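A structural walkthrough
What follows is each chain in one-letter form.
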Amino acid sequence: MSGPTPRRGPFTEAYATAMTTVNRLREAAVPKPAALDVTMAGQKLRADHLPRIELPRFNGSPSEWPAFSSRFEKRVANLGEDADRYAFLAKCLDRCDMARHSCEAFENAGMPFAQAWVKLEERFL
């Protein structure tokens, strides 16, 4: 026998159609990552990098703490790892040495982020 068999054409077409459908279903079934902020929309997340988040800055003034803490908590609420939260907080505290040093000390002591946050709240409220 030489050349294609007459029945092969319809099977090849049916196979290609089925594979296209399967690939579309796979793409639709993959959950999309939750956006932490509008600043993250459309960005690919990598496991070895922190997502880009527009961070508020804290200057050390107790009168600025309530606004800062509210904005910070909203932006990092969906982060699961304490290390990620500490990393973001350190970036926010670059203008306030006392708060930054406290944050570093809490992290180096192995304190869970939630406890460190409470201590910072007590210190600056």
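Residues numbered from 1 in each chain as written. Predicted model: local features only at pLDDT ≥ 70, side-chain atom pairs only at ≥ 80, totals over all residues. Heavy atoms only, no water.

1. Observations regarding the overall build of the protein
Assigned secondary structure in the protein consists of five helices and zero strands. The N-to-C order of helical and strand elements in the protein reads α-α-α-α-α. Buried positions account for 25% of the 125 residues belonging to the protein. Look at the contacts in the protein between residues 6 or more apart in sequence, and 54% of them connect residues 24 or more apart. Accessible area for the protein stands at about 9,100 Å²; split by element, carbon and sulfur atoms hold 55% of it. (Helix = DSSP H or I, 4+ residues; strand = E, 2+ residues; numbered from the N terminus. Buried < 20%, exposed > 50% of the residue type's maximum accessible area, 1.4 Å probe, protein only. Contact = heavy atoms within 4.5 Å. Areas by Shrake-Rupley, 256 points an atom, 1.4 Å probe, with all protein chains shown as cover.)

2. Some details on the packing of helix α4 (residues 97–108) against helix α5 (residues 113–124)
Two elements in contact, α4 and α5, have axes whose closest approach is 10 Å; the angle formed by their N-to-C orientations is 155°. Classified by the angle their axes make, α4 and α5 are roughly antiparallel. Judged by the sense of rotation from one axis to the other, the crossing of α4 with α5 is right-handed. Residues M98, A99, S102 and F106 of α4 pack against A116, K119, L120, R123 and F124 of α5. Its residues placed into classes, the contact of α4 with α5 shows six nonpolar, one polar and two charged. (Axes fitted to C-alpha atoms, helices over the stretch in contact; angles between N-to-C directions. Parallel < 35°, antiparallel > 145°, perpendicular 65-115°, else oblique. Left-handed = near helix turned anticlockwise from the far one by under 90°. Nonpolar A, V, L, I, M, F, W, Y, C, P; charged D, E, K, R; others polar.)

3. Describing α5
The first and last C-alpha atoms of α5 sit 16 Å apart over 12 residues, in line with the 16 Å expected at 1.5 Å per residue. The complete set of buried residues in α5 reads F113, A116, W117, L120, E121 and F124. One side of α5 carries all its buried residues, which in axial view fall inside an arc of 140°. Summarising the geometry of α5, the exposed residues directed more than 90 degrees from the buried face are A114 and E122. The secondary structure elements touched by the buried residues of α5 are α2 (65–76), α3 (82–92) and α4. (Expected span 1.5 Å × (residues − 1). Arc of directions from axis to C-beta.)

4. Concerning the nonpolar core
Counting residues in hydrophobic clusters, the biggest one holds 23 residues, and the most contacted among them are F58, F68, F72, L89 and W117. Among the elements of the structure, α2, α3, α4 and α5 are those that each provide at least two residues to this core. A total of five residues in this core trace back to one element, the largest contributor, which is α5. Residues contacting L89, with those up to four places away along its chain left out, are F68, F72, C103, F113, W117 and L120. (Core = buried A, V, L, I, M, F, W, Y, C linked by side-chain atoms within 4.5 Å.)

5. Here we look at the pattern of salt bridges
This model, assessed by the stated rule, comprises three salt bridges. Ionic pairing is found between R100 and D97, a salt bridge with its closest N-O pair at 2.4 Å. Taken together, the positions of R100 and D97, both in helix α4 and three residues apart, correspond to about one turn of that helix. Since its relative accessible area comes to 22%, R100 is described here as partly exposed. Beyond isolated ion pairs, a larger network of salt bridges with shared partners links D97, R100 and E104. (Salt bridge = Lys/Arg side-chain N within 4 Å of Asp/Glu carboxyl O.)

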